[in-house]
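The primary structure of each chain is shown beneath.
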Amino acid sequence: MSTEDQQLVEQAIAGDRLAFRTLVLKLSPDMFRLACRFTGDAAAAEDVVQEAFIKAYEKLPTFKRDASVRTWIHRITVNTAMDHLRREKTRDRYERAAADLVDDAITERPADGQEILRHTQSAMAKLTEVERAALTLRHFEGHSIAEIAATLDLNPNACKQAVFRAVRKLRVALEPLVATP
Amino acid sequence: MKTITDDDLVLLYYGEHDDAALAQQVARDPELSRRFEALCRDLSQLDELTVPDPGPDLGARMWQRMVPELAGGETTPARESWLQRLLRPRFSLAGLAMLVLVASMSFLAGRQAEPSLGLDAQRLLEARISEHLVETEILLTHVANGGSTGARESELAADLLLSNRIYRRAAATSGQGAIADLLNAVERPLLQLANDPDLGVSIDDSLLFQVRARSRRDTRHPNETNSSQEI
């Protein structure tokens, strides 16, 4: 953890809410990106980030000072995002919202590219929460299987299997669209 | 020879396969190479999924939304309605204009005996002012307690000063003289902090008490705010 983050979290634990505000300003973009990967919806992602920071604030007294505050809040955000997915049962909503999110990206692509993008998004939407979390953390966040297992409170083999299932589902969805060499 | 499965290739792709020689084996074998390239092509589609830019003020928005929760001790965050988002005045000229418009609407609605429009706008304005006061209280308490007054505090004070002036004008326009007076009194320490935090800013205890009392009294979700409550 950076010295600055360490100081900020120490100050926040001591009751300095401005120090916590600085952490919020600093970490929000990364947490938003992470939450958006989970929810597929910008507004929902903001709700998740807000909720995660509130949880973090409330749990400050339990923060282990030798840990990384970024990793700690990242983990809280992941768990909050998964809770959100379970609570909202957002699959259909995710799919619709995600289609909106990629609209800008697809407008200037060739037709087959648009179709592939939509299928990719749809495949992601159809993954279970654990599969989506595992693939998101592995593919987009670059976490190791061991780290993901710790974050999701799974054993490493179960986590690995979740990544495998997610990749298989993605490939099955893309199969009709992608030419086999 | 052990059969190489697609799961092996996934682990190889992510650099997590236990067998360090697998990459060479794949490179030497045309069929394995073809399968690995197909996997790479499919997984690369994920990289095409973009995340929207939340804007440079995301952190400030998050903090502003959190403030009532921190002060009120509630644990379930409120989801903002579209009207609340539009009413958020800081960092946005459109939002600023909207706030002035709503304040005017509130004023006119009161004059023209159309209470539903006026009350909704009034309620949202009150909620926003309450959140602003909680945030202001956090800063002033920090300074009053001898906390640091550097660039971080100066930047926040400048943001709050902008909001404060807008809210003061809106409160005055909608006939809420008491709150307009309080916001006026708050402006001076905010101005000092924004412009010259190193000179030292003294926070009057009675002012801090008033801000605290007001923010404690009014901090609640907009949809829970009693519209008839005097602000």
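Residues numbered from 1 in each chain as written. Chains lettered and ligands numbered in written order. Predicted model: local features only at pLDDT ≥ 70, side-chain atom pairs only at ≥ 80, totals over all residues. Heavy atoms only, no water.

Examining helix H8 (residues 129–140) of chain A
Residue and element names in this part refer to chain A. Compared with the 16 Å implied by 1.5 Å per residue over 12 residues, the 16 Å span of H8 between its first and last C-alpha is a close match. In terms of burial, H8 is a largely internal element, 10 of the 12 residues being buried. The complete set of buried residues in H8 reads Glu131, Arg132, Ala133, Ala134, Leu135, Thr136, Leu137, Arg138, His139 and Phe140. Glycine 142, located one to two residues past H8, shows a positive phi value of around 70°. (Helix = DSSP H or I, 4+ residues; strand = E, 2+ residues; numbered from the N terminus. Expected span 1.5 Å × (residues − 1). Buried < 20%, exposed > 50% of the residue type's maximum accessible area, 1.4 Å probe, protein only.)

Focus on the confidence of the model for chain B
Residues and elements named next belong to chain B. When pLDDT is averaged along chain B, the result is 76; 73% of the residues meet or exceed 70. Confidence scores differ between elements of chain B, with helix H5 (residues 82–87) showing the lowest mean pLDDT of 43 and helix H1 (residues 6–13) the highest of 96. Residue range residues 72–94 is modelled with pLDDT below 50. Its contacts to residues more than four positions away, or to other chains, number 66 contacts. Scored below 50 in pLDDT, residues 113–117 shows three contacts in the model against residues more than four places distant or in partner chains. On the interface metric, ipTM, the complex scores 0.82, and its pTM is 0.67. (pLDDT = per-residue confidence, 0-100. Contact = heavy atoms within 4.5 Å.)

A few points about the packing of aromatic side chains
Centre-to-centre distance and the angle between the planes together describe a pair of aromatic rings. Tallying each qualifying case throughout the model produces four aromatic pairs over all chains. Among the aromatic residues, ring-to-ring pairing joins Phe20, Phe53 and Tyr57 of chain A into one connected group. (Phe/Tyr/Trp six-rings, centres within 6.5 Å; stacked < 30°, edge-to-face > 60°.)

Here's the deal with the environment of glutamate 31 of chain B
Residue and element names in this part refer to chain B. Mapped onto the secondary structure, glutamate 31 falls in helix H3 (residues 30–44). Judged by its relative accessible area of 41%, glutamate 31 is partly exposed. A polar atom in the side chain of glutamate 31 sits 2.8 Å from the side chain of arginine 34. (Polar contact = N/O pair within 3.5 Å; in protein donor to acceptor, adjacent residues only side chain to side chain.)

Comments concerning the interface of chain B and chain A
Listed as interface residues are 50 residues of chain B and, on the opposing side, 59 residues of chain A. Each partner contributes to the roughly 4800 Å² buried at the junction of chain B and chain A, and carbon and sulfur atoms together form 62% of this total. Broken down residue by residue, the surface that chain B buries against chain A is led by Tyr14, Leu49 and Arg152 of chain B, which jointly contribute 13%. The interface formed by chain B and chain A includes seven salt bridges. Residue arginine 65 of chain B is joined to glutamate 46 of chain A by a salt bridge in which the shortest nitrogen-to-oxygen separation is 3.2 Å. The interface formed by chain B and chain A includes 12 residue pairs in polar contact (both at pLDDT 80 or more). Breaking the side of chain B that touches chain A down by element, the ones donating at least two residues are H1, H3, helix H4 (58–72), helix H7 (115–144) and helix H8 (151–173) of chain B. Looking at the side of chain B that touches chain A element by element, the count peaks at 11 residues for H4 of chain B. Taken together, the residues of the side of chain B that touches chain A sort by class into 24 nonpolar, five polar and 21 charged. (Buried area = accessible area lost by both parts, 1.4 Å probe. Salt bridge = Lys/Arg side-chain N within 4 Å of Asp/Glu carboxyl O. Nonpolar A, V, L, I, M, F, W, Y, C, P; charged D, E, K, R; others polar.)

With respect to the confidence of the model for chain A
For chain A, the mean per-residue pLDDT works out to 85, and 85% of the residues sit at or above 70. Of all the helices and strands in chain A, helix H6 (residues 103–106) of chain A carries the lowest mean pLDDT, 50, while helix H10 (residues 156–174) of chain A carries the highest, 95.

Things to note about the layout of surface pockets
Residues and elements named next belong to chain A. Its boundaries defined by the atoms lining it, the largest pocket holds a volume of some 400 Å³. As for the largest pocket, its lining consists of 16 residues, of which Thr71, Trp72, His74, Arg75 and Thr151 are closest to the centre. Secondary structure elements with two or more residues in the lining of the largest pocket: helix H4 (69–88) and helix H9 (145–152). The leading source of residues in the lining of the largest pocket is H4, at eight residues. (1 Å grid on protein atoms, 1.4 Å probe; cavity = no way out; pocket = protein on both sides within 12 Å on 5 of 7 lines; lining within 4 Å. Points joined across faces, edges and corners; volume = space filled by probe spheres on them.)

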